[in-house]
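Per-entry structural report
The chain contents come next:
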2 protein chains.
Amino acid sequence: MSPIRVVNPDGTFIIGPETTERLLTPGEVARLFGVDPKTVNRWALTGRIPSVRTPSGQRRYRETDIAPLLTT
Amino acid sequence: MSPIRVVNPDGTFIIGPETTERLLTPGEVARLFGVDPKTVNRWALTGRIPSVRTPSGQRRYRETDIAPLLTT
DNA sequence: TGAGATTTGGGTAATTCGGGGC
DNA sequence: CTTGTCCGAATTACCCAAATCT
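Report follows, based on the coordinates. Small disclaimer: the values here were computed from a predicted structure and weren't measured. (Residues numbered from 1 in each chain as written. Chains lettered and ligands numbered in written order. Predicted model: local features only at pLDDT ≥ 70, side-chain atom pairs only at ≥ 80, totals over all residues. Heavy atoms only, no water.)

Right, let's get into the pattern of salt bridges. Residues and elements named next belong to chain A. Applying the stated criterion to the full structure yields two salt bridges over all chains. Between E63 and R22 there is a salt bridge, and its shortest N-O distance comes to 4.0 Å. Linking E63 in helix 3 (residues 63–71) with R22 in the loop between strand 2 (13–15) and strand 3 (23–24), this pair joins segments that are 41 residues apart in sequence. (Salt bridge = Lys/Arg side-chain N within 4 Å of Asp/Glu carboxyl O. Helix = DSSP H or I, 4+ residues; strand = E, 2+ residues; numbered from the N terminus.)

Turning our eyes to something else, we now look at the sheet that holds strand 3 of chain A. Residue and element names in this part refer to chain A. Spatially, 3-5-4 is the arrangement adopted by the three strands of the open sheet, whose pairing is antiparallel. Among the strands making up the open sheet, the edge pair consists of strand 3 and strand 4 (52–53). Across two bridges, the pairing between strand 3 and strand 5 (residues 59–62) is antiparallel. Of the residues in strand 5, the one forming a bridge with L24 is Y61. (Pairing = 2+ DSSP bridges.)

Attention now goes to helix 1 (residues 26–33) of chain A. Residues and elements named next belong to chain A. Every buried residue of helix 1 is accounted for by P26, G27, V29 and A30. All buried residues of helix 1 fall inside an arc of 160° around its axis, so they share one side. Of the surrounding elements, those touching the buried residues of helix 1 are strand 3, helix 2 (37–45), strand 5 and helix 3. Downstream of helix 1 by one or two residues, G34 has phi in the positive range, about 70°. (Buried < 20%, exposed > 50% of the residue type's maximum accessible area, 1.4 Å probe, protein only. Arc of directions from axis to C-beta. Contact = heavy atoms within 4.5 Å.)

Turning next to the environment of B:Q58. Residue and element names in this part refer to chain B. Positionally, Q58 belongs in the loop between strand 3 (52–53) and strand 4 (59–62). Sequence separation of Q58 and T25 is 33 residues, and the distance between their C-alpha atoms is 8.8 Å. Sequence-distant contacts of Q58, that is, excluding residues within four places in its chain, are made with V52 and R53. A distance of 2.8 Å separates polar atoms of two side chains, one belonging to Q58 and the other to R60. (Polar contact = N/O pair within 3.5 Å; in protein donor to acceptor, adjacent residues only side chain to side chain.)

Here's what the structure looks like:
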């Protein structure tokens, strides 16, 4: 399998060959916090948590955005 | 109308006389969005994202088509 | 020629979406 | 103000086997 390499127009990497960021589903994040998945989506809507949208509109959450919130 | 492209076995394809660009496999795109590889192919079938076909029928995806969709 | 990983397609169960109201 | 729930519609995940790629 080839490495992931998504580049910007200026040639810089969005995701480099050595980086594979893990994305979490709303349900996975909900279980981490002990809340309903819809609550997680509301956090995204209100700007509390950044999210990535699939082409169809579903949300995925970066592990690096979620992990710091669990420690506090 | 997208241009006709001839895909090499290593996933690269010819842009110009001296330029070549690598394409992303379904598995790579799937990891970028945190979904199943089959879901990525479904996006191509429903026209949500453009795709390139190898002579054997497998799908490949252009980085420049995928990268803009990863916005937060 | 062979082994292991990946891709593809079909079918079905589970998840997610948004709106609305409590 | 935040959260959990109900609803229908849309989207996705997991099962399998066969084909393709490394």
